[in-house]
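Geometric and topological summary
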Amino acid sequence: RDSVITCANDVMPHFRAELTFPFLLERVFRFHARPENLTDMAPPGAEVTVVERPATMIVGAELELKIGLYGMSQHVRLRIVDLDEPRLLVDEQVK
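Residues numbered from 1 in each chain as written. Predicted model: local features only at pLDDT ≥ 70, side-chain atom pairs only at ≥ 80, totals over all residues. Heavy atoms only, no water.

Before going further, it helps to spend a moment on the pattern of salt bridges. Under the criterion given, the structure shown has seven salt bridges. In this structure, Arg-53 engages Glu-36 in a salt bridge whose closest nitrogen and oxygen atoms are separated by 2.8 Å. Of this pair, Arg-53 sits in the loop between strand E3 (47-52) and strand E4 (62-69) while Glu-36 sits in the loop between helix H1 (25-32) and helix H2 (38-41), and the two are 17 residues apart along the sequence. Residue Arg-77 is joined to Glu-52 by a salt bridge in which the shortest nitrogen-to-oxygen separation is 3.1 Å. One end of the pair, Arg-77, is in strand E5 (residues 72-84); the other, Glu-52, is in strand E3, and 25 residues separate them in sequence. (Salt bridge = Lys/Arg side-chain N within 4 Å of Asp/Glu carboxyl O. Helix = DSSP H or I, 4+ residues; strand = E, 2+ residues; numbered from the N terminus.)

All right, on to the environment of Ile-67 then. Note on placement: Ile-67 falls in strand E4. For the pair Ile-67 and Ala-42, spaced 25 residues apart in sequence, the C-alpha to C-alpha distance is 9.1 Å. With near-sequence residues (within four places) excluded, Ile-67 lies in contact with Glu-47, Val-48, Met-72, Ser-73, Gln-74 and Val-76. (Contact = heavy atoms within 4.5 Å.)

A few words on the sheet that holds E3. Sheet architecture is open: four strands sit in the order E3-E4-E5-E6, paired in antiparallel fashion. Edge positions in the sheet fall to E3 and strand E6 (88-93), since each of these pairs with one other strand and no more. In this sheet, adjacent strand axes meet at a mean angle of 35 degrees when their direction is disregarded. Relative to E6, E5 runs antiparallel, the two sharing six bridges. Residue Arg-79 lies in a different strand from E6, and its bridge partner there is Glu-92. (Pairing = 2+ DSSP bridges. Axes fitted to C-alpha atoms, helices over the stretch in contact; angles between N-to-C directions.)

This part covers a nonpolar patch on the surface. Taken together, Leu-19, Phe-21 and Phe-23 make up a surface patch of nonpolar side chains, about 300 Å² in accessible area. The topology assignment puts Phe-23 in the loop between strand E2 (14-18) and H1. For Phe-23, a relative accessible area of 43% translates into the label partly exposed. (Patch = residues over 30% accessible without salt bridge, like charges linked within 9 Å, V, L, I, M, F, W, Y side chains within 5 Å. Areas by Shrake-Rupley, 256 points an atom, 1.4 Å probe, with all protein chains shown as cover. Buried < 20%, exposed > 50% of the residue type's maximum accessible area, 1.4 Å probe, protein only.)

Leu-63, Leu-65, Leu-78 and Ile-80 are the most contacted members of the largest nonpolar core, which totals 14 residues. Secondary structure elements with two or more residues in this core: E4 and E5. Here this core takes three residues from E5, the largest share from any one element. In this structure Leu-63 touches Pro-35, Leu-38, Glu-52, Arg-53, Pro-54, Met-57, Val-76, Arg-77, Leu-78 and Ile-80, once residues within four positions along its chain are discounted. (Core = buried A, V, L, I, M, F, W, Y, C linked by side-chain atoms within 4.5 Å.)

Spelled out as structure tokens, the structure:
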């Protein structure tokens, strides 16, 4: 597991994580591209609920999550900004 947080030109920090799995790339991509699986990818102790999700993952699609941690919760909206199936899925937090 390799994680990096970067901050350039005093803008919001960016978090990037890379993981290696002993599965075919297509299988891992299909799992990650299904919003209902985000609950399984959450860190221990975090409660993630998918509030709103797109019918299909395409560039521009948005999904909303409710994330609870340490007794607090917040709603987060993510937008898919880059998609190159089955190699790349990039989202950014817009709310």
